[in-house]
Amino acid sequence: MPKMKTNRGAAKRLRKTGTGKIRRMRANKSHILTKKDRKRKRRLRTSTLVARVDEKRMKRLLAC
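Parameters at a glance
- Residues numbered from 1 in each chain as written.
- Predicted model: local features only at pLDDT ≥ 70, side-chain atom pairs only at ≥ 80, totals over all residues.
- Heavy atoms only, no water.
- Pairing = 2+ DSSP bridges.
- Helix = DSSP H or I, 4+ residues; strand = E, 2+ residues; numbered from the N terminus.
- Axes fitted to C-alpha atoms, helices over the stretch in contact; angles between N-to-C directions.
- Buried < 20%, exposed > 50% of the residue type's maximum accessible area, 1.4 Å probe, protein only.
- Arc of directions from axis to C-beta.
- Contact = heavy atoms within 4.5 Å.

Participant: I tried to follow the sheet that holds strand β1 (residues 14-16) on my own but got confused; where do I start?
Facilitator: Each strand in a sheet pairs with another by means of backbone hydrogen bonds, the pair being arranged parallel or else antiparallel. Within the open sheet, the three strands sit side by side as β1-β2-β3. Their pairing is antiparallel. Looking at the sheet topology across the chains shown, the edges are occupied by β1 and β3 (47-49). Across the sheet, the axes of successive neighbouring strands diverge by a mean angle of 35°, strand direction being ignored. Strand direction decides the pairing type here: β1 and strand β2 (residues 22-25), joined by three bridges, are antiparallel. Note that in β2 the partner of Lys16 across the bridge is Ile22.

Laid out in structure tokens, this is it:
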């Protein structure tokens with residue numbers, strides 16, 4: 001069986017933490033920022049962990 005390839009789109013968006021969890025950036029930070037308040041935009045800058053139910057699928061995409 002051949003090696004599993006990394007999904008390059010996922011590799012650009014996700015990264016693994018030291019403990020093996022998957023980190024991602026939040027959505028909705030690219031445009032229409034005038035109506036979003038300062039607090040919301042600041043929160044969107046921070047990264048967060050992928051939900052536990054999606055973690056297995058994301059790891060498969062990253063081939064790790």
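Participant: Please explain helix α3 (residues 52-62) as it appears in this structure.
Facilitator: Helical geometry: 3.6 residues make up each α-helical turn, so side chains three or four residues apart lie on a common side. Looking only at α3, the buried set comprises Glu55, Met58 and Leu62. Down the axis of α3, the buried side of the element spans an arc of 75°, and every buried residue falls inside it. Every exposed residue of α3 that faces more than 90 degrees away from the buried side is listed here: Val53 and Lys56. Looking at the buried residues of α3, the elements they touch are α1 (8-13), β1 and β2. Positive backbone phi, approximately 55°, marks Ala63, located one or two places after α3.

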